[in-house]
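Breakdown of the fold
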Amino acid sequence: KTKQVIKCKSRKNGLRTNPTACTYSRDGLLVCGACIDGSIKMWDHRKNFVNVALNMEGAHQNGSEITCVQFGYDNRLVATRSNDETLKLWDVRMFKKYINCANGLFSRFAQTECCFSPDDRLILTGTSMEKGDKAGKLIFFDKETF
């Protein structure tokens, strides 16, 4: 039985937008959804899911799937990976602009993930094979410097 349904709406036009990735914060207090319109939305599960607690419109390119959203172990940082060839790092305490951004991360697939290392110092993502390459790559970024 369904307990709750969260409907993602665009602030630009008020219409529904489709979520492409979602996750819980590690402490379970926030639900985060990344949408096809490039927005990232977070809801506090202790409150009504009608109102968004945090919202970032234009976090990634509109129409380019955000393929992964992942909270760091500190519940303060959020990494997002998108088919706009970027990996971005966000701080939920200052959710106006990304902290770090890595560009040129080609991906053909809507399943491209990112994750934090167990010590919370590195962020890992993959890239697809481009023309002339022999294989795709796993790329590790220091979360402080990218």
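**Some words on the overall build of the protein chain**
If you tally the helices and strands in the protein chain, you get zero helices and 11 strands. Reading the secondary structure of the protein chain in the N-to-C direction produces β-β-β-β-β-β-β-β-β-β-β. Whereas a compact globule of 146 residues would reach a radius of gyration of roughly 15 Å, the protein chain reaches 15 Å, a difference of no more than 12%. Counting only C-alpha atoms, the protein chain reaches 50 × 35 × 35 Å along its principal axes. By residue count, 45% of the 146 residues in the protein chain fall in the buried class. Taking as baseline every contact in the protein chain between residues at least 6 positions apart, the subset at least 24 positions apart corresponds to 39%. Split by element, the accessible area of the protein chain, about 8600 Å² in all, is 51% carbon and sulfur. Here the protein chain contributes 23 positive and 16 negative side-chain charges, whose respective centroids are spaced 7 Å apart.

**A closer look at the sheet that holds strand S11 (residues 137–142)**
The sheet built from three strands is open, its strands ordered S9-S10-S11 with antiparallel pairing. If you trace the sheet from one side to the other, it starts and ends with strand S9 (114–116) and S11, each paired once. Between one strand and the next, the sheet's axes are offset by a mean angle of 20°, whatever the strand orientation. Examined bridge by bridge, S9 and strand S10 (residues 122–127) share three bridges and lie antiparallel to one another. When the bridges of S10 are listed, Cys115 appears paired with Leu124.

**Re the sheet that holds strand S2 (residues 30–35)**
One open sheet holds the four strands; their spatial order is S1-S2-S3-S4, and the pairing between them is antiparallel. The outermost strands of the open sheet, each flanked by one partner alone, are strand S1 (19–24) and strand S4 (54–56). This sheet shows a mean twist of 15° between the axes of neighbouring strands, independent of strand direction. Examined bridge by bridge, S1 and S2 share five bridges and lie antiparallel to one another. Looking at the pairing, Thr23 lines up with Cys32 of S2.

**Some details on the packing of aromatic side chains**
The final tally for this structure, using the stated rule, is three aromatic pairs. Ring geometry for Trp90 against Tyr98: centres 6.0 Å apart, planes inclined by 90°, an arrangement best described as edge-to-face. For Trp90, a relative accessible area of 2% corresponds to the buried category. Arranged with centres 5.1 Å apart and planes meeting at 25°, the rings of Phe141 and Phe146 form a pair that is stacked. Each residue in the set Trp90, Phe95 and Tyr98 is aromatic and connected to the rest through ring pairs, giving one cluster. When the ring centre of Tyr73 is taken as reference, the NZ or CZ atom of Arg26 above it lies at 3.8 Å.

Rules used throughout
Residues numbered from 1 in each chain as written. Predicted model: local features only at pLDDT ≥ 70, side-chain atom pairs only at ≥ 80, totals over all residues. Heavy atoms only, no water. Helix = DSSP H or I, 4+ residues; strand = E, 2+ residues; numbered from the N terminus. Rg over C-alpha atoms; globule rule 2.2 N^0.38 Å. Buried < 20%, exposed > 50% of the residue type's maximum accessible area, 1.4 Å probe, protein only. Contact = heavy atoms within 4.5 Å. Areas by Shrake-Rupley, 256 points an atom, 1.4 Å probe, with all protein chains shown as cover. Lys, Arg positive; Asp, Glu negative; His and termini not counted. Charge placed at Lys NZ, Arg CZ, Asp CG, Glu CD. Pairing = 2+ DSSP bridges. Axes fitted to C-alpha atoms, helices over the stretch in contact; angles between N-to-C directions. Phe/Tyr/Trp six-rings, centres within 6.5 Å; stacked < 30°, edge-to-face > 60°. Lys NZ or Arg CZ within 6 Å of the ring centre and 35° of its normal.

Just geometry here; none of it tells us what the structure is for.
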